[in-house]
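Architecture at a glance
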Amino acid sequence: MSRAALLVLADGRFPAGGHAHSGGAEAAVKAGRITGTASLEEYCRGRLHTAGLVAAAFAAAAVLGAEVRELDSAADARTPSAALRGAARRLGRQLLRAARVAWPTAELDALAREFPKGAHQPVVLGVVARAAGLSAQDAAYCAAYECVSGPATAVVRLLSLDPFEATGVLARLTTEVDRVADRAVEAAREVVAGAGVDALPAASAPLMEIGAEWHAGWAVRLFAS
Amino acid sequence: MHLDRDHHHGPVALSADAHRADGSRRALRIGLGGPVGSGKTATVAALCRALRDKLSLAVVTNDIYTREDAEFLLREAVLPPERITAVETGACPHTAIRDDISANLEAVEDLEDEVGPLDLILVESGGDNLTATFSKGLVDAQIFVIDVAGGDDIPRKGGPGVTTADLLVVNKTDLAPYVGSDLARMAADAKAQRAELPVVFQSLRSETGVTDVAAWVRERLAAWTA
Ligand SMILES: Nc1nc2c(ncn2[C@@H]2O[C@H](COP(=O)(O)OP(=O)(O)OP(=O)(O)O)[C@@H](O)[C@H]2O)c(=O)[nH]1
Ligand SMILES: [Mg+2]
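Residues numbered from 1 in each chain as written. Chains lettered and ligands numbered in written order. Predicted model: local features only at pLDDT ≥ 70, side-chain atom pairs only at ≥ 80, totals over all residues. Heavy atoms only, no water.

Here the focus is the site of ligand 1. Residues and elements named next belong to chain B. Around ligand 1, a shell composed of 18 residues is seen, among which Lys40, Thr41, Ala42, Asp174 and Leu204 lie nearest. With respect to ligand 1, the side chain of lysine 40 contributes an N or O atom lying 2.8 Å from an oxygen atom. Between ligand 1 and leucine 204, the relevant distance is 2.7 Å, taken from an oxygen atom to a main-chain nitrogen or oxygen of the residue. Taken by itself ligand 1 offers 650 Å² of open surface, and the protein chains cover 74% of this. (Near = heavy atom within 4 Å. Polar contact = N/O pair within 3.5 Å; in protein donor to acceptor, adjacent residues only side chain to side chain. Areas by Shrake-Rupley, 256 points an atom, 1.4 Å probe, with all protein chains shown as cover.)

Below is the structure:
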């Protein structure tokens, strides 16, 4: 059990399929909502406080031992877009594949057996974090950070944005990531203290859901979501 | 490391495991990489036509822009549509075949589950640079396809694709006279880079077409199932 496992799990190069997903940024760029550094920052901030908060809370709840099936259906209920549900399950499956080699445990094998086509990525992330000996807060950080680092990396490729500027965006959002991770862990504690999965946040970003459906229908695109 | 190798009834395969969850041997996976437009898709199509009567085949494409290559294969009707899958690569085709192979592994495993049993899965990379190679976690052997029109100095330049691929294909030899490429020089340079590793010169516009590459694939398959 090592805290440095968090660095392994949160590394953008962790081979769990994330590189092919833009976190909605490809649709937002095409729609003209992300055009440069400032709008990337606003997009990431919006995503962090909605999808990011939800993902972080689910990941934290999974670490604390909330029932995986219940979490997975609660994640479905919070994801109106079928395209986003599909992407979340694909990413969950891919994360589990990498994690089963990195931190081989019976629990991860069981999860793969129970969800051969994947469970929602944040739920898998929580179970994986626990297998790696990490805490609920570590998992929440990982989920919250991923939800902004994904779009930032994608926009570097989509708009040829200066990579230093994109990294600056991430650096400016770190205190907000702290706050989101704290709120997520609070909610996750309520879940396991008896309130159940209804205590998990349900913040949503309708434009991102709509954008995901639009994106999934394109004949030509660079990113899977 | 690979749990399923120790007990063949594990949950689902991880990466290069030779056996599937039910204990059966999985299909041989061959990757085709190489620069943009060198003839990867045309070679895949010709291989499918040459091998599909005797073998159960499937193809995974990694387009830079989704579906271009998959749609070509569908249009040419080289295989039924359920045997062709396209993977999105997030603008980084080499990442999807080397650094983070998860989406491709998912595609090959789903093909085996849905249309299997399969003998052979061809994985075409999106057109990339001379350093792009497939991970051993994804494919069992790789073919690097270059063409004579991309410049006859490519074998001399080397790079991991030219130097280490299990088979180097120099395609479009029919164009050599028109672009002034010296095939003898390309062959000598390839030999110098690759020592004993095989090289095939082919023109898909000629009578013999993909014959040599198909023979190499059959040899690989014989070794895999032996
Ligand atoms: N003259 C000639 N043309 C060929 C030959 N093989 C392929 N081509 C043509 O070359 C062009 C590119 O072939 P593709 O098979 O699409 O090349 P590719 O490597 O799959 O290209 P990307 O996937 O875009 O990187 C097509 O117009 C083919 O018809 C050949 O042996 N001779
Ligand atoms: Mg092609």
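Let us now look at the packing of aromatic side chains. Residues and elements named next belong to chain A. If you walk through the whole model with that rule in mind, you get two aromatic pairs over all chains. With a centroid separation of 5.0 Å and an interplanar angle of 85°, the aromatic rings of tryptophan 214 and tryptophan 218 are classed as edge-to-face. Across from the ring centre of tryptophan 218, 4.0 Å away, lies the NZ or CZ of lysine 30, which sits over that ring. (Phe/Tyr/Trp six-rings, centres within 6.5 Å; stacked < 30°, edge-to-face > 60°. Lys NZ or Arg CZ within 6 Å of the ring centre and 35° of its normal.)

All names here are of chain B. Coordination sphere of the magnesium ion (ligand 2), protein contribution only: Thr41 (OG1), Asp69 (OD), Asp69 (OD) and Glu124 (OE), at 2.0 to 2.7 Å. For the magnesium ion (ligand 2), the six donor atoms are set out with angles of 50 to 172° between them, so the coordination reads as irregular. Between the donor residues of the magnesium ion (ligand 2), the gaps in sequence give the motif T-x27-D-x54-E. With a gap of 83 residues between them, threonine 41 in helix 2 (residues 40-51) and glutamate 124 in strand 4 (residues 120-124) connect regions that are remote in the sequence. A relative accessible area of 2% places glutamate 124 in the buried class. (Donors = N, O, S within 2.8 Å, 3.2 Å for Na, K, Ca; no water. Tetrahedral: all angles 85-135°; square planar, octahedral: opposite > 155°, others 65-115°. Helix = DSSP H or I, 4+ residues; strand = E, 2+ residues; numbered from the N terminus. Buried < 20%, exposed > 50% of the residue type's maximum accessible area, 1.4 Å probe, protein only.)

Take helix 8 (residues 136-159) of chain A next. Residues and elements named next belong to chain A. Between its terminal C-alpha atoms helix 8 stretches 35 Å, which fits the 34 Å expected from 24 residues at 1.5 Å a residue. The largest bend in helix 8 comes to about 25°, at glutamate 146. At the C-terminal side of helix 8, serine 160 shows a positive phi close to 50°. (Expected span 1.5 Å × (residues − 1). Bend = angle between axes of the 7 residues up to and from the residue.)

This brings us to the confidence of the model for chain B. A residue-level look at chain B finds 94% of positions with pLDDT of 70 or above and a mean pLDDT of 90. Confidence estimates for the predicted assembly give a pTM of 0.90 and an ipTM of 0.85. (pLDDT = per-residue confidence, 0-100.)

Counting residues in hydrophobic clusters, the biggest one holds 78 residues, and the most contacted among them are Leu9(A), Leu40(A) and Leu71(A). For this core, the leading source of residues is helix 3 (residues 37-63) of chain A, giving 15 residues. Not counting residues within four places of it along the chain, the set of residues in contact with Leu71(A) comprises Phe58(A), Ala61(A), Ala62(A), Ala66(A), Val123(A), Val197(A) and Leu200(A). Of all hydrophobic cores here, the second largest spans 33 residues; its members include Val44(B), Leu79(B), Leu120(B) and Ile143(B). (Core = buried A, V, L, I, M, F, W, Y, C linked by side-chain atoms within 4.5 Å. Contact = heavy atoms within 4.5 Å.)

Okay, the side chain of Gln142(B) next. Take Gln142(B): it is sitting in strand 5 (residues 141-147). Assessed through its relative accessible area of 14%, Gln142(B) is described here as buried.

This next bit is on the interface of chain A and chain B. Counting residues at the interface gives 26 residues for chain A, matched by 28 residues for chain B. Note on chain A versus chain B: buried area summed over both sides is about 2400 Å², and carbon and sulfur give 51% of it. Here chain A is connected to chain B by six salt bridges. With its nearest N and O atoms 2.9 Å apart, the salt bridge here joins Arg97(A) to Glu109(B). (Buried area = accessible area lost by both parts, 1.4 Å probe. Salt bridge = Lys/Arg side-chain N within 4 Å of Asp/Glu carboxyl O.)

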